[in-house]
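Given next are the chains, with one letter for each unit.
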Amino acid sequence: MDGLLSFVVAGFALLLAAIGLYGIVAHEVQERRSELGLRMALGATPRSAIRTTGMSGVKLSLFGLILGAGLSILIARVLTHLVWGVTPYDPATLAGLLGTLSLFTGVASFVPAVQAGRMDPAEILIEG
C-alpha cells in the first residue's frame, strides 16, 4: 500500500511539474511571436522561423532540467535518511523524469511557434 501511495504522490508531482513547465515555456515562446513575425516578414521561411523560436524554449528548459537534476542528486545525498523504501537517486527514475519533462518542453516550445508560424506575418506584427 505504501508503494501505491508513493506512486500516486509522485504522479501528481510529475503532473504539476509538467503543467508548470508547459506554462512557463509556452509563455516564453508566445512572447517571441513578434520576433517570429518579423523574421518571416524579412524573408525567413516559416519553417526556419519556427525552428529558431521553438529552440529558444527548448534550450532554456534543458538548462533548467540539467541544473535541477544536478541539484536533486546533491540534495538526495544530504536527505537520504528521510526516504524509506526507495533509493533517493535512482538513475532510471531520474532518466524517466527528465525524458518526460523534456517531451513536455518540446511540445510547449513548438506548439505556440507552429501556431504563430501559420499566421500572416503582418497580423503578428500588428498584434505585437
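Use the structure listed above.
In short, a report on the structure. (Residues numbered from 1 in each chain as written. Predicted model: local features only at pLDDT ≥ 70, side-chain atom pairs only at ≥ 80, totals over all residues. Heavy atoms only, no water.)

Here the focus is a nonpolar patch on the surface. Among the surface-exposed residues, Phe63, Leu67, Leu71, Leu74, Ile75, Val78, Leu79 and Leu82 lie close enough to one another that they form a single nonpolar patch of about 800 Å² accessible area. As for its position among the elements, Leu74 is in helix α3 (residues 46-78). Leu74 gets classed as exposed once you look at its relative accessible area, which sits at 55%. (Patch = residues over 30% accessible without salt bridge, like charges linked within 9 Å, V, L, I, M, F, W, Y side chains within 5 Å. Areas by Shrake-Rupley, 256 points an atom, 1.4 Å probe, with all protein chains shown as cover. Salt bridge = Lys/Arg side-chain N within 4 Å of Asp/Glu carboxyl O. Helix = DSSP H or I, 4+ residues; strand = E, 2+ residues; numbered from the N terminus. Buried < 20%, exposed > 50% of the residue type's maximum accessible area, 1.4 Å probe, protein only.)

As a further point, take helix α2 (residues 33-41). Buried within α2 we find Arg33, Leu36, Gly37 and Met40. Looking down the long axis of α2, one finds its buried residues gathered within 100° of arc, a one-sided arrangement. Just downstream of α2, Gly43 is the residue with a positive phi angle, here 115°. (Arc of directions from axis to C-beta.)

One can find Ser109 in helix α4 (residues 91-117). Its relative accessible area of 0% is what places Ser109 among the buried residues. A polar contact is formed between the side chain of Ser109 and the backbone nitrogen of Val58, at a distance of 3.3 Å. The residues contacting Ser109, other than those within four sequence positions of it, are Val25, Val29, Gly54, Gly57 and Val58. (Polar contact = N/O pair within 3.5 Å; in protein donor to acceptor, adjacent residues only side chain to side chain. Contact = heavy atoms within 4.5 Å.)

Moving on: the nonpolar core. Listed in full, the 8 residues of the largest apolar core are Val29, Leu36, Met40, Ala49, Ile50, Ala113, Ala116 and Ile124. Secondary-structure elements contributing two or more residues to this core are α2, α3 and α4. With near-sequence residues (within four places) excluded, Ile124 lies in contact with Arg33, Ser34, Leu36, Gly37, Met40, Ala116 and Met119. Of all hydrophobic cores here, the second largest spans 7 residues; its members include Ala18, Leu65, Leu101 and Ala108. (Core = buried A, V, L, I, M, F, W, Y, C linked by side-chain atoms within 4.5 Å.)

Following both chains from N to C, one finds α2 and α3 inclined at 150°, their axes separated by 9 Å at the closest point. With respect to their mutual orientation, α2 and α3 come out roughly antiparallel. For the pair α2 and α3, the sense of crossing is right-handed. The segment α2 lies against α3, with Leu36, Arg39 and Met40 engaging Pro46, Ala49, Ile50, Thr52 and Thr53. (Axes fitted to C-alpha atoms, helices over the stretch in contact; angles between N-to-C directions. Parallel < 35°, antiparallel > 145°, perpendicular 65-115°, else oblique. Left-handed = near helix turned anticlockwise from the far one by under 90°.)

As a further point, take the environment of Met40. Looking at the secondary structure, you find Met40 in helix α2. With 77 residues separating them along the chain, Met40 and Gly117 place their C-alpha atoms 8.3 Å apart. For Met40, the residues in contact, after removing those within four places along its chain, are Pro46, Ala49, Ala116, Gly117, Met119, Pro121 and Ile124.

A few words now on the environment of Ser34. Its location among the elements puts Ser34 in helix α2. Residue classification places Ser34 among the partly exposed positions, given a relative accessible area of 33%. Put simply, Ser34 and Glu127 are 93 residues apart on the chain and 7.9 Å apart in space, counted from C-alpha to C-alpha.

All right, on to the pattern of salt bridges then. Inspection of the entire model under this criterion finds 2 salt bridges. A salt bridge links Arg32 to Glu35; the nearest nitrogen and oxygen atoms lie 2.7 Å apart. A salt bridge links Arg39 to Glu35; its shortest N-O distance comes to 3.0 Å. With Arg39 and Glu35 both in helix α2, this residue pair falls 4 residues apart, about one helical turn.

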